[in-house]
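Chain and residue survey
What follows is the residue order along each chain.
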Amino acid sequence: MSKSFPPVLFAAVLALIAAPAAQAALVTTLYSTGLKADGTPQVGGGTDAHYVVVENGLASALVLSNPPSSYFANDAKSKWIWQQADGLPVNVTRTFRTTFDLTGFDHTTASIAGLWGTDNTGEDILINGVSTGIALPGVAQSNYRQLHAFSILNGFQAGINTLDFRVRDAGVLSAFRAQLTGTVPEPGTLMLAALGLFAAAAGRARKPN
């Protein structure tokens, strides 16, 4: 080993490289249903400004005024929404769209972990117009008495992204709900520090004694 590259410095660089290179940052522009801009719950009958109904001319969705007791209970993390606050219209397919911004992040490393439910069936979740194949078929009661986990690991793009939930109602009341967390790794500051130490050591090694 060169005398210009002290063993202590070499060990420090190896320790930096071995340490975790990145931490997950939250995508703060991605909202669960039924929340205000500050992330607190919207009141029943209130407008959910983060979700629009595609089939209703992209008008904002509304928080259900009085969701039935058979539904998974509203909480501080998310609420039930629909085209109207009374859960109408019924016997229709509706697409609920939200957008989020990945500007400044590496979109290829983004991911979404979520929970969703609907009355009655969930036909698909689409990221930037592309189907993920995620669905909630089967018995309607199981789709609104609990929330179901899903994850999206690809299909993201730089800048603005769209996330669509397409659901189908076949009863006397309609509702949709999603609880979302988006993450993307932050730049690996420890790795950058390690590279800096290598560069400094290499520069000293090139200098004549």
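Everything here concerns the structure above.
The structure reproduced in this document is the subject of the present report. (Residues numbered from 1 in each chain as written. Predicted model: local features only at pLDDT ≥ 70, side-chain atom pairs only at ≥ 80, totals over all residues. Heavy atoms only, no water.)

**Focus: the overall build of the chain**
Using the following cut-off: Counting from the N terminus, the helices are DSSP H or I runs at least four residues long and the strands are E runs at least two residues long. Residue burial is assigned from relative accessible area. The probe radius is 1.4 Å, only protein chains are included, and a residue is buried under 20% of its type maximum, exposed over 50%, and partly exposed in between. Residues count as neighbours in contact if any of their non-hydrogen atoms are within 4.5 Å of one another. Each accessible area value is a Shrake-Rupley result obtained with a 1.4 Å probe; residue values ignore everything except the protein chains displayed when judging cover.
When its secondary structure is counted, the chain shows three helices and eleven strands. Element order for the chain, N to C, with α for helix and β for strand: α-β-β-β-β-β-β-β-β-α-β-β-β-α. Counting every position in the chain, which comprises 209 residues, the buried fraction comes to 39%. Across the chain, contacts joining residues at least 24 apart in sequence account for 71% of those joining residues at least 6 apart. Entry remark: accessible area of the chain is about 10,500 Å², with carbon and sulfur atoms responsible for 60%.

**Notes on the pairing of strand β3 (residues 59-63)**
Our working definition: Note: two strands are recorded as paired if DSSP finds a minimum of 2 bridges between them.
Here four bridges tie strand β2 (residues 47-53) to β3, and the two strands are oriented antiparallel to one another. Bridging across to β3, valine 53 finds its partner in alanine 59. Taking the residues between adjacent antiparallel strands as the criterion, β2 and β3 are bridged by five residues, where glycine 57 takes a positive phi near 65°.

**Details of the layout of surface pockets**
Here is the rule: Site definitions follow a grid-based scheme: protein atoms alone, a 1 Å grid, a 1.4 Å probe that fits but cannot get out for cavities, and for pockets an open set with protein on both sides within 12 Å along at least five of seven lines, plus lining residues having an atom within 4 Å of a point. Grid points are joined across faces, edges and corners, and a volume is the space filled by probe spheres set on the points.
Size it by volume and the largest pocket reaches roughly 150 Å³. Every residue along the wall of the largest pocket is listed here: Leu26, Val27, Thr28, Leu30, Tyr31, Leu35, Gly39, Leu180, Thr181 and Gly182. Element by element, the count of residues in the lining of the largest pocket is highest for strand β11 (residues 175-185), at three residues.

**Brief notes about unusual backbone geometry**
Here the bond from leucine 88 into proline 89 is cis, since omega is 0°, no more than 30 degrees from zero. You can see proline 89 is positioned in the loop between β4 (81-82) and β5 (93-101). Residues other than glycine seldom take positive phi values, yet leucine 58 does so here, at roughly 65°. Positive phi values are uncommon outside glycine, yet asparagine 128 reaches one of about 55°. Considering the arrangement of structural elements, one finds asparagine 128 in the loop between β7 (121-127) and β8 (130-131).

**Description of the side chain of aspartate 124**
For clarity, the cut-off: Think of a polar contact as two N or O atoms within 3.5 Å of one another; within protein, one of them needs to be a possible hydrogen donor and the other a possible acceptor, and neighboring residues in sequence only count if both atoms come from side chains.
Checked against the element boundaries, aspartate 124 lands in strand β7. From its side chain, aspartate 124 meets the backbone nitrogen of glycine 133 in a polar contact 3.4 Å long. Contacts of aspartate 124, omitting those with residues within four sequence positions, involve Trp116, Ser131, Thr132, Gly133, Ile134, Asp164, Phe165 and Arg166.

**Considering the nonpolar core**
Keep this limit in mind: To qualify as a nonpolar core, a set must consist of buried Ala, Val, Leu, Ile, Met, Phe, Trp, Tyr and Cys residues joined through side-chain atoms within 4.5 Å.
Core analysis: the largest hydrophobic core is formed by 37 residues, its most contacted members being Trp116, Leu163, Phe165 and Phe176. Among the elements that make up this core, the one with the highest residue count is β11 (five residues). Sequence-distant contacts of leucine 163, that is, excluding residues within four places in its chain, are made with Leu30, Phe96, Arg97, Thr98, Phe100, Ile112, Ile125, Leu126, Ile127, Ile152 and Leu180.

**Structural notes on the packing of aromatic side chains**
Note the following rule: Two rings from Phe, Tyr or Trp (for Trp, the six-membered ring) form a pair when their centres are within 6.5 Å of each other. A pair whose planes differ by under 30 degrees is stacked, one over 60 is edge-to-face, and the rest are tilted.
All told, the structure shown has ten aromatic pairs when counted by the stated rule. Geometrically, the ring pair formed by tryptophan 116 and phenylalanine 165 is tilted, given 5.9 Å between the ring centres and 45° between the ring planes. Of this pair, tryptophan 116 sits in strand β6 (residues 111-119) while phenylalanine 165 sits in strand β10 (residues 160-168), placing them 49 residues apart in sequence. Comparing tryptophan 116 with phenylalanine 165, the two get one shared label, buried.

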